[in-house]
Amino acid sequence: MNYRHAFHAGNFADVLKHYVLIRLVRGLQRKEKPLFMLDTHAGAGAYDLRHAARGDTLERQPEWPHGIGRFRAGEVLPPGLAEYVGLVHEFNREHGGGAGETWRAYPGSPEIFAHLRRPQDRLAFVERHPEEAALLEQQFRGAPRTQVHRLDGYHALKALLPPVERRALVLIDPPYEATDEIARIVAGLTAALRRLPAATIAVWYPLTTRAGGERLEQALVALSLPPAWAVEVDVWGGQGEVKMPGCGVLVLNPPWRLDLEIEPELPALVRHLARAPGAAARLRWVVPES
Ligand SMILES: C[S@@+](CC[C@H](N)C(=O)[O-])C[C@H]1O[C@@H](n2cnc3c(N)ncnc32)[C@H](O)[C@@H]1O
């Protein structure tokens, strides 16, 4: 349990994940019915970017300058990206950051869910690391219809599904430190879909040789999955010798036609995040709608 997200907060992977997350919430909120939103690996909830280079052990280069740091307040962007960037800039300002380029705070997925929730929606944030969980509890104490659980995220899929609302958005965002992470994701997805077959489930994954999207997809072949697409970004275009040149988000049961809204926004996303000329992003159907 060494992973602390503060190092990575606001990096290109967070940009992709949180952009897609906002799109998913908005897509599901097109229906008035209450929605249950479950974050199985919630992290600390929010991050002070001034501490992003200081972690448990070694000093590192902060990653956010090549992520959120590349988006300016008020710049012209496609609507979904503009909503993401607007939300993050607002959060930064509320937490003492400058209106322009002075980055101080970045919202984690729990803060993003909390920002987008309607009065009828319910939130559950699950985190296993005691320090991160304590920060989460502190942040969301007294928040309406919001619970923080110190639990194993995969266990939470069994414990918290199906929800009374019968509609759910689940984010599975593990650190991929454990060698059995992919097996645990597959078991978790199986359990979740058994409990709520129509749940919309987003799984973040790194594109690396060690634990990439291919391995995740191969492992999922044996399941009979509902309709699913994946959005992937490769910021290095195969050029740099980096541990994680790209990442993706797999979405099961995506809101209808959301792919058509996301796809045209990807060129702007890549333009901002590219580290090398071959950088690219794509959306592809993994299990097409029948
Ligand atoms: C990538 S971070 C989460 C970031 C967060 N979802 C966000 O977007 O802001 C992964 C988190 O999962 C936690 N974690 C690791 N294994 C876990 C498990 N089995 N159950 C719950 N949390 C876990 C780590 O402590 C870490 O805070």
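Please refer to the structure higher up on the page.
Quantities reported herein were computed from a predicted structural model and do not represent experimental measurements.

A. Region of interest: the packing of helix 3 (residues 109-116) against helix 4 (residues 130-140). Remark: helix 3 packs on helix 4, axes separated minimally by 11 Å, with the N-to-C direction vectors making an angle of 20 degrees. On the basis of the axis angle, helix 3 is roughly parallel to helix 4. Two packed elements cross with a definite hand, and for helix 3 against helix 4 that hand is right-handed. Residues Pro110, Glu111 and Ala114 of helix 3 lie in contact with helix 4, whose contacting residues are Leu136, Gln139 and Phe140.

B. Structural view of the site of the ligand. Close to the ligand lie 19 residues, the nearest being His18, Ser109, Glu127, Gly153 and Asp173. The side chain of glutamate 127 places a nitrogen or oxygen atom 2.6 Å from an oxygen atom of the ligand. Coverage of the ligand by the protein amounts to 97% of the 600 Å² it exposes when considered alone. When the residues that make up the shell around the ligand are grouped by side-chain class, the tally is four nonpolar, nine polar and six charged.

C. Broad picture of the pairing of strand 4 (residues 122-126). Extensive coverage of strand 4 is indicated by the burial of four of its five residues. As paired elements, strand 1 (residues 36-39) and strand 4 share four bridges and run parallel to each other. Across the sheet, the residue bridging to methionine 37 is leucine 123, located in strand 4. For strand 4 and strand 5 (residues 146-149), the ladder comprises four bridges, and the chain directions are parallel. Counted as the bridge partner of valine 126 is histidine 149 from strand 5. In this fold, strand 4 hands off to helix 4, which returns the chain to strand 5; that crossover is right-handed.

D. The sheet that holds strand 7 (residues 200-207), seen in detail. The eight strands lie next to each other as 5-4-1-6-7-9-8-10, forming an open sheet whose pairing is mixed. Edge strands, defined here as strands with exactly one partner in the open sheet, are strand 5 and strand 10 (280-287). Taking the axes of each pair of neighbouring strands and ignoring which way they run, one obtains an average angle of 15 degrees across the sheet. Most of the contacts of helix 6 (residues 181-195) go to strand 7, to which it runs at about 170 degrees, and overall it touches strand 6 (168-172), strand 7 and strand 9 (246-252).

Procedures and definitions
Residues numbered from 1 in each chain as written. Predicted model: local features only at pLDDT ≥ 70, side-chain atom pairs only at ≥ 80, totals over all residues. Heavy atoms only, no water. Axes fitted to C-alpha atoms, helices over the stretch in contact; angles between N-to-C directions. Helix = DSSP H or I, 4+ residues; strand = E, 2+ residues; numbered from the N terminus. Parallel < 35°, antiparallel > 145°, perpendicular 65-115°, else oblique. Left-handed = near helix turned anticlockwise from the far one by under 90°. Contact = heavy atoms within 4.5 Å. Near = heavy atom within 4 Å. Polar contact = N/O pair within 3.5 Å; in protein donor to acceptor, adjacent residues only side chain to side chain. Areas by Shrake-Rupley, 256 points an atom, 1.4 Å probe, with all protein chains shown as cover. Nonpolar A, V, L, I, M, F, W, Y, C, P; charged D, E, K, R; others polar. Buried < 20%, exposed > 50% of the residue type's maximum accessible area, 1.4 Å probe, protein only. Pairing = 2+ DSSP bridges. Right-handed = clockwise from strand over helix to strand, strands pointing away.

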